[in-house]
Amino acid sequence: MVNTGTDRVKRGMAEMQKGGVIMDVINAEQAKIAEEAGAVAVMALERVPSDIRAAGGVARMADPTIMEEVMGAVSIPVMAKCRIGHIVEARILEAMGVDYIDESEVLTPADEVYHLYKRDFTVPFVCGARDIGEAARRIGEGASMIRTKGEPGTGNIVEAVRHMRMMQSQIRKILGMSTDELMTEAKNTGAPFEVLLQIKEAGKLPVVNFAAGGVATPADAALMMQLGADGVFVGSGIFKSDNPEKFARAIVEATTHFEDYELIANLSKGLGTAMKGIEISSLDPSERMQERGW
Amino acid sequence: MVKIGVLALQGAVREHVNSLIAPGVEVVVVKKIEQLNDLDGLVLPGGESTTMRRLIDKYGFFEPLKAFAKAGKPMFGTCAGLILMAKQLVGQKDGHLEVIDMEVERNAFGRQRESFEAELMVKGIADDIMAVFIRAPLIKAVGEDVEILSKYKGEIVAVRQNQFLACSFHPELTADARFHQYFVDVVKETKSKCLNV
């Protein structure tokens, strides 16, 4: 009996990434820098989120040449993004042999009503979420990994913190509930009942939960770990900084040793300027990527 | 009572800790070199081997881990852990810790979509072990002191060389703790031998 694409195989892949940093890259050269710095995976993109934000227009799946180039350059897993609900982009990425697909709000949604039915795929998916209802809906559809949405491409950690705190406090609330209270909680949060039951039984989300959307410094990465993230996605933060190699290494180490403050102090020294960053309140609501999807 | 550590630089640490928990076993999450000193055995978990090796070097774990193995203390590596323990790696000049006399090929099955689970016979443990292979390595060749514990489609996926165990799949991802119990027995056996010498 041999089975590919089972829950255990798909979720297990994400378990292996725990305690690690997944970095956005746009070419083979950046992918090698990321691998060398100790990234557990890379996200192959045409543009990092802050450039997508600056460019405007419709953001789509990257040119397959970029994924191919990155897959050829590194031995760590390669992830790629497809638009929310874009079945064909997802199938293309799967056919190419991408190791993990991010059904991502960073790209312009292809479907404003339905997310992908991810159980139909052999390749595992990661999806963004702002609260437990959203996380549980994505898990219900078959996501094998969750990440906070944060606010991508801003270099501002405040939204990622809000989403992680929200999820953790909702999980604690569920753990304190009796089973007969769960259906009402499912109704109130819009979470599938079965997923809430799994959370209650496992004492945690049934899949790995990473932080994403605004991590710009080693201290940001360590903060998210301390708030309960299993690992960290860094998008624009690394290759938009002054010294990507140094930044990448420092963020990896701060994620591993997120409670060793002396070490984080040392590795934060002389890093150069982090990406500039955007104050969230200056963003028009229509510019907030986190509002995409439901 | 034996004390077993799980190297916690990156990867599936919690799952190994849960699988090791049993009467007579104290489990330690190892993040600092000093913690190796009073351990009776060590698990090298699954994760990304490239990342782990970088962090091993960064925190000066390399020599202490080699010394740990040289001292005859048992080690158990799964997936990335197996890669770290191999004497030789296909396509690379050197191995990492070079603890088990075997040649290992990384990502031998292909990419994630080729990852799978299958039921295996593992010598000395059981004939119905559910093995989860995730971007798994394969053991292409072993030295004569190495005992082959399991094969999948003719390829070697689990081995033992004295007190060193390694498998290319992830027993820590299932609720079945028999493989871990086997390692705990190796640790207990090794410890009692040391006490009797």
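Before reading further, recall that the structure is shown in the block above.
To start, this report covers the structure provided alongside it. All of these numbers come straight from a predicted model, not from anything done at the bench.

1. Some details on the packing of aromatic side chains
1) Next: Inspection of every chain in the model, using the stated rule, returns twelve aromatic pairs over all chains.
2) Next: Relative to B:Phe116, the ring of B:Phe109 lies with its centre 5.2 Å away and its plane at 70°, an arrangement referred to as edge-to-face.
3) Next: With relative accessibility at 24%, the residue B:Phe109 sits in the partly exposed group.
4) Next: A relative accessible area of 4% means that B:Phe116 is categorised as buried.
5) Next: Just above the ring of A:Trp294 sits the side chain of A:Arg138; from NZ or CZ to the centre is 4.9 Å.

2. Regarding the interface of chain A and chain B
1) Next: Taken together, the 45 residues of chain A in the interface contact 37 residues of chain B.
2) Next: With both chains or domains summed, chain A and chain B bury close to 3,300 Å², and 52% of this area falls on carbon and sulfur atoms.
3) Next: Inspection of the region where chain A meets chain B yields six salt bridges.
4) Next: Here B:Lys32 ties to A:Asp260 by a salt bridge, and the two come within 2.9 Å at their closest N and O atoms.
5) Next: Viewed at the interface, chain B and chain A are joined by 24 residue pairs in polar contact (both at pLDDT 80 or more).
6) Next: Of all the secondary-structure elements, those providing two or more residues to the side of chain A that touches chain B are strand S1 (2–4), helix H1 (7–15), helix H2 (28–37), helix H5 (87–96) and helix H12 (244–256) of chain A.
7) Next: No other element matches the six residues that H1(A) contributes to the side of chain A that touches chain B.
8) Next: Two elements, S1(A) and strand S7 (residues 116–122) of chain B, share three bridges in a ladder whose sense is antiparallel. Bridged to A:Thr4 within S7(B) is B:Phe116.

The rules behind the values
- Residues numbered from 1 in each chain as written.
- Chains lettered and ligands numbered in written order.
- Predicted model: local features only at pLDDT ≥ 70, side-chain atom pairs only at ≥ 80, totals over all residues.
- Heavy atoms only, no water.
- Phe/Tyr/Trp six-rings, centres within 6.5 Å; stacked < 30°, edge-to-face > 60°.
- Buried < 20%, exposed > 50% of the residue type's maximum accessible area, 1.4 Å probe, protein only.
- Lys NZ or Arg CZ within 6 Å of the ring centre and 35° of its normal.
- Contact = heavy atoms within 4.5 Å.
- Buried area = accessible area lost by both parts, 1.4 Å probe.
- Salt bridge = Lys/Arg side-chain N within 4 Å of Asp/Glu carboxyl O.
- Polar contact = N/O pair within 3.5 Å; in protein donor to acceptor, adjacent residues only side chain to side chain.
- Helix = DSSP H or I, 4+ residues; strand = E, 2+ residues; numbered from the N terminus.
- Pairing = 2+ DSSP bridges.

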